[in-house]
Amino acid sequence: MATDETRQRILNAAGEVFADKGFQTATIREICGKAGANLAAVNYYFGDKEKLYVEVFKAAHPGIPEPGANEAWPGDAPPAERLKVFIRQLLGRLFRTDAPAWRMRLFQREVLDPTPFCTEIVQKYFQMNFAQLMSVLDELLPPDMPVPRRHQVGFSIIGQCVHFRAAGQVIGMVIGEEEQSKYHTVDLLAEHVSGFVLAALGLASPLGHATGTDGDNPATTTMKNRPPLAAPHRGRETGVDQFGTG
């Protein structure tokens, strides 16, 4: 038990130091001092500073399901419903209330200034989640849409979710904490992002033109009588259809 506690203390201390100073500037001495552990503990539990960083980032990253997490995935549901579930689960991980305060700072630092050790994390976890999203979008997007365009759609969805979490403090200053706390819950944000994306794909009524409204969220519409995916149309000036297929 003491062994597990020491390892966890090192992970927590390393997360704070890496988030505040970055990998290059952070030192094992400072991490161990904050954790109340001797210098040899890092080598014993993790091997070296690089492996410690990878373990810290894996434990902190919002897109990585927790060990043993039981996130139900409705594999037999229609693709639009699976898209909603994906967005809800991603937002749920991003807004985890039991996560340490340094988690998002470390994530943002790695996104803006990636370390060489991020490759393993991207390959194992980012791509796994992205592949799951793309498998859903492949059923929703026109079959002739180019792969790069499909990827842009996928990153646009992820970007919306990450924005509400990463820019949370700024959003609160802009719209006020009262509105943010009432309308920026995980469930309401998931409903908003899902509705926004499905409307953009032509799978739901345009925003503001639905047949009903959600009484708890005036910015969200209830989607009824969804039209089929809109066929690509030619732009009046560019001659390029809305999906970029030429």
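Just so it is clear, the structure is predicted and the values come from calculations on it, not from any experiment.

Enquirer: In this structure, what is going on with the overall build of the chain? I would like to understand it.
Expert: When helices and strands are counted, the chain shows 11 helices and two strands. Moving toward the C terminus, one meets the helices and strands of the chain in the order α-α-α-α-α-α-α-α-α-α-α-β-β. Out of the 246 residues belonging to the chain, those deemed buried represent 41%. In the structure as shown, the chain presents an accessible area of about 13,800 Å², 54% of it carried by carbon and sulfur atoms.

Enquirer: Is there a simple way to explain the packing of helix H8 (residues 147-166) against helix H11 (residues 186-200) in this structure?
Expert: Helix packing for two helices is described by the angle between their axes and how far apart those axes are. The geometry of H8 relative to H11 is characterised by a closest axis approach of 11 Å and an angle of 150° between their N-to-C directions. Judged on the interaxial angle alone, H11 and H8 are roughly antiparallel. In the crossing of H8 with H11, the sense of the turn from one axis to the other is right-handed. Mapping the contact onto sequence places Ile157, Gln160, Cys161 and Phe164 in H8 and Leu189, His192, Val193, Phe196 and Val197 in H11. Looking at the contact of H8 with H11, its residues break down into seven nonpolar, two polar and no charged.

Enquirer: What exactly am I supposed to notice about the environment of Leu90 here?
Expert: Among the secondary structure elements, Leu90 is positioned in helix H5 (residues 79-94). Beyond its immediate chain neighbours, meaning those up to four positions away, Leu90 contacts Ile158 and Cys161.

Enquirer: When you look at the confidence of the model for the chain in this model, what are you seeing that I'm missing?
Expert: Caution applies to low-pLDDT regions: their predicted coordinates should not be interpreted in detail. For the chain, per-residue confidence averages 81 on the pLDDT scale, and 78% of positions sit at 70 or higher. In the predicted structure, residues 210-215 sits below a pLDDT of 50 and forms 14 contacts with residues beyond four places in sequence or in another chain. Every residue in residues 218-246 scores below 50 in pLDDT, and together they form 66 contacts with partners more than four places removed in sequence or on other chains.

Enquirer: Just to check I follow, could you spell out H11 for this structure?
Expert: A turn of α-helix holds 3.6 residues, and therefore any two residues three or four places apart point the same way. Over its 15 residues, H11 runs 21 Å from end to end, which matches the ideal 21 Å to within 8%, given 1.5 Å per residue. Within H11 the residues assigned to the buried category are Val186, Leu188, Leu189, Ala190, Val193, Ser194, Gly195, Val197, Leu198 and Ala199. Just downstream of H11, Gly202 is the residue with a positive phi angle, here 80°.

Enquirer: Before we go on, may I ask you to explain a nonpolar patch on the surface in this structure?
Expert: A cluster of nonpolar side chains, contributed by Val170, Met173, Val174 and Ile175, occupies part of the molecular surface with about 410 Å² of accessible area. On the secondary structure map, Val170 appears in helix H9 (residues 168-175). By relative accessible area, Val170 is classed as partly exposed at 49%.

Enquirer: Can you help me understand the side chain of His184 in this one?
Expert: Mapped onto the elements of the fold, His184 is located in the loop between helix H10 (177-183) and H11. Overall, His184 belongs to the buried group, its relative accessible area being 18%.

Enquirer: What am I meant to see in the pattern of salt bridges here?
Expert: If you walk through the whole model with that rule in mind, you get seven salt bridges. The closest approach of N and O atoms between Arg7 and Glu55, which form a salt bridge, is 3.8 Å. With Arg7 in helix H1 (residues 2-25) and Glu55 in helix H4 (residues 49-60), the pair connects residues that are 48 residues apart, well separated along the chain. Taking the relative accessible area as the measure of exposure, Arg7 reaches 28% and is therefore partly exposed. Looking at Glu55, the relative accessible area reads 27%, which means it is partly exposed.

The rules behind each value
- Residues numbered from 1 in each chain as written.
- Predicted model: local features only at pLDDT ≥ 70, side-chain atom pairs only at ≥ 80, totals over all residues.
- Heavy atoms only, no water.
- Helix = DSSP H or I, 4+ residues; strand = E, 2+ residues; numbered from the N terminus.
- Buried < 20%, exposed > 50% of the residue type's maximum accessible area, 1.4 Å probe, protein only.
- Areas by Shrake-Rupley, 256 points an atom, 1.4 Å probe, with all protein chains shown as cover.
- Axes fitted to C-alpha atoms, helices over the stretch in contact; angles between N-to-C directions.
- Parallel < 35°, antiparallel > 145°, perpendicular 65-115°, else oblique.
- Left-handed = near helix turned anticlockwise from the far one by under 90°.
- Contact = heavy atoms within 4.5 Å.
- Nonpolar A, V, L, I, M, F, W, Y, C, P; charged D, E, K, R; others polar.
- pLDDT = per-residue confidence, 0-100.
- Expected span 1.5 Å × (residues − 1).
- Patch = residues over 30% accessible without salt bridge, like charges linked within 9 Å, V, L, I, M, F, W, Y side chains within 5 Å.
- Salt bridge = Lys/Arg side-chain N within 4 Å of Asp/Glu carboxyl O.

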